[in-house]
Amino acid sequence: MARDQVAMELHQWAIGKMKFRPQGKYVHTTIPTVHNFSEICRGQLASIWTFVIENIDSVRMVNKIKANLALKKQGYKVKYGADQKYSQQLEDLKNRKRQLTCDLQTEKKVTKHVEQDVNRLWTEISAVESCYDGCRRSISAIKQEILILQEYAEQCREDEARYEEYTARLRHKISIYNKLSSSKKRIYSSGSKVEDSGTIKIRDSCAAAGQYLNELTADNTDRDEDGHNTENKSKEKLWKAVEDVVANESSDSIISSLVDITQDAVDSLQEKTEAIDLKKDIEHLQLVGHRALSVSEGHRAPSVSRT
């Protein structure tokens, strides 16, 4: 039954049959309208008010029914016509009929309410089943998404491990590069040793000193104006290298570098000494001596450096 129809019947039942009038603090207010009654007929309240309208009567009607029943118990009989006779059996059958009719109406009303409840339950069950199907599909989709995200997370962890490995390698290479850059090291002696810039400068200074000494001990006959210029340039280069070393390096570093250079020179001299064949060199010197005796006195003697 529609909500508006239930509200209209409730209004007629309350105002007409039950003689409803505002009481208490609402005694001076107006009688409620159908719209006011529709406010209390929402949802399941509509079926409850329908049951109340069909099964509850006013006090006056109840008192009237009670009075009729009391008269009937006292032996009150319905007056029949002159040609009709009273029959107790017929009266009992009529009463039985009225009782069965009343029971039938009551059962119909109860059945109607049960059907309404069943229909409402079926509607609710259908809605719940639809919601359940939707939730089940949503859960299945969420499980699939979880599996995909787990696989993606595993790939991300593998990528992260690779990135960390690459980062560690790169940091190691950067640290090596920074160490080499900060100490300004380079390979010396054909890649057999690594020396810093201070040792390299000292080694260059020693080389410049050796060159200057070689030029200083050379034969005077070999010198000319160009030779003096070369000697001056070597001397200038030597002092410049020495001043650079003294200005930029500490005494401990200079001494340590000199020790290393001396040790390298000793090792190199030892290697060359071990490579000398004395017997072969003596034979070679004897041959050179015999040839020298045959040289005329006009030829110049060998220089000191060559000797």
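Residues numbered from 1 in each chain as written. Predicted model: local features only at pLDDT ≥ 70, side-chain atom pairs only at ≥ 80, totals over all residues. Heavy atoms only, no water.

Caption draft 1: Geometry of the overall build of the protein. On a plain count of helices and strands, the protein comes out with nine helices and two strands. Along the chain direction, N to C, the helices and strands of the protein fall in the order α-α-α-α-α-β-β-α-α-α-α. A burial count over the protein gives 13% of its 307 residues as buried. For the protein, the proportion of contacts with a sequence separation of at least 24, taken over those separated by at least 6, is 57%. Accessible surface computed for the protein: about 25,500 Å², of which carbon and sulfur atoms make up 58%. (Helix = DSSP H or I, 4+ residues; strand = E, 2+ residues; numbered from the N terminus. Buried < 20%, exposed > 50% of the residue type's maximum accessible area, 1.4 Å probe, protein only. Contact = heavy atoms within 4.5 Å. Areas by Shrake-Rupley, 256 points an atom, 1.4 Å probe, with all protein chains shown as cover.)

Caption draft 2: Just a nonpolar patch on the surface, in detail. On the surface, Val110, Val114, Val118, Leu121, Trp122 and Ile125 cluster together to form a nonpolar patch covering roughly 520 Å² of accessible area. Its location among the elements puts valine 118 in helix H5 (residues 88-183). (Patch = residues over 30% accessible without salt bridge, like charges linked within 9 Å, V, L, I, M, F, W, Y side chains within 5 Å. Salt bridge = Lys/Arg side-chain N within 4 Å of Asp/Glu carboxyl O.)

Caption draft 3: Structural view of the packing of helix H1 (residues 3-17) against helix H3 (residues 45-55). Close contact between H1 and H3 brings their axes to 10 Å; oriented N to C, the two are set at 35 degrees. Here H1 runs over H3; the crossing is left-handed. Residues Val6, Glu9, Leu10 and Trp13 of H1 form the contact with H3, whose participating residues are Ala46, Trp49, Thr50, Val52 and Ile53. Among the residues making up the contact of H1 with H3, the classes are represented as seven nonpolar, one polar and one charged. (Axes fitted to C-alpha atoms, helices over the stretch in contact; angles between N-to-C directions. Left-handed = near helix turned anticlockwise from the far one by under 90°. Nonpolar A, V, L, I, M, F, W, Y, C, P; charged D, E, K, R; others polar.)

Caption draft 4: Structural detail: a positive patch on the surface. The grouping of Lys19, Arg21, Arg60 and Lys64 at the surface amounts to a positive patch. One can find arginine 60 in helix H4 (residues 59-73). (Lys, Arg positive; Asp, Glu negative; His and termini not counted. Charge placed at Lys NZ, Arg CZ, Asp CG, Glu CD.)

Caption draft 5: Representation of the nonpolar core in the model. Within the largest apolar cluster, ten residues are counted, these being Val6, Ala7, Leu10, Trp13, Ala14, Phe37, Cys41, Ala46, Val52 and Ile53. Of all elements in the fold, only H1 and H3 reach the threshold of two or more residues within this core. Broken down by element, the residue count for this core peaks at five residues, all from H1. (Core = buried A, V, L, I, M, F, W, Y, C linked by side-chain atoms within 4.5 Å.)

Caption draft 6: Spotlight on the pattern of salt bridges. Tallied over the full model, the rule gives six salt bridges. Aspartate 159 is paired through a salt bridge with arginine 162; the nearest N and O atoms lie 2.0 Å apart. Of the two residues, aspartate 159 and arginine 162 both sit in helix H5, three residues apart, roughly one turn of that helix.

Caption draft 7: View of the confidence of the model for the protein. Confidence along the protein averages 77 in pLDDT terms, with 78% of residues attaining 70 or more. When mean pLDDT is compared element by element in the protein, H5 scores highest at 88, while strand E1 (residues 186-188) scores lowest at 45. Here residues 78-82 scores under 50 on pLDDT; set against residues more than four positions off or in separate chains, the count is two contacts. Long-range and interchain partners of residues 184-191, a stretch whose pLDDT sits below 50, account for 18 contacts in this model, where long-range means more than four residues apart. (pLDDT = per-residue confidence, 0-100.)

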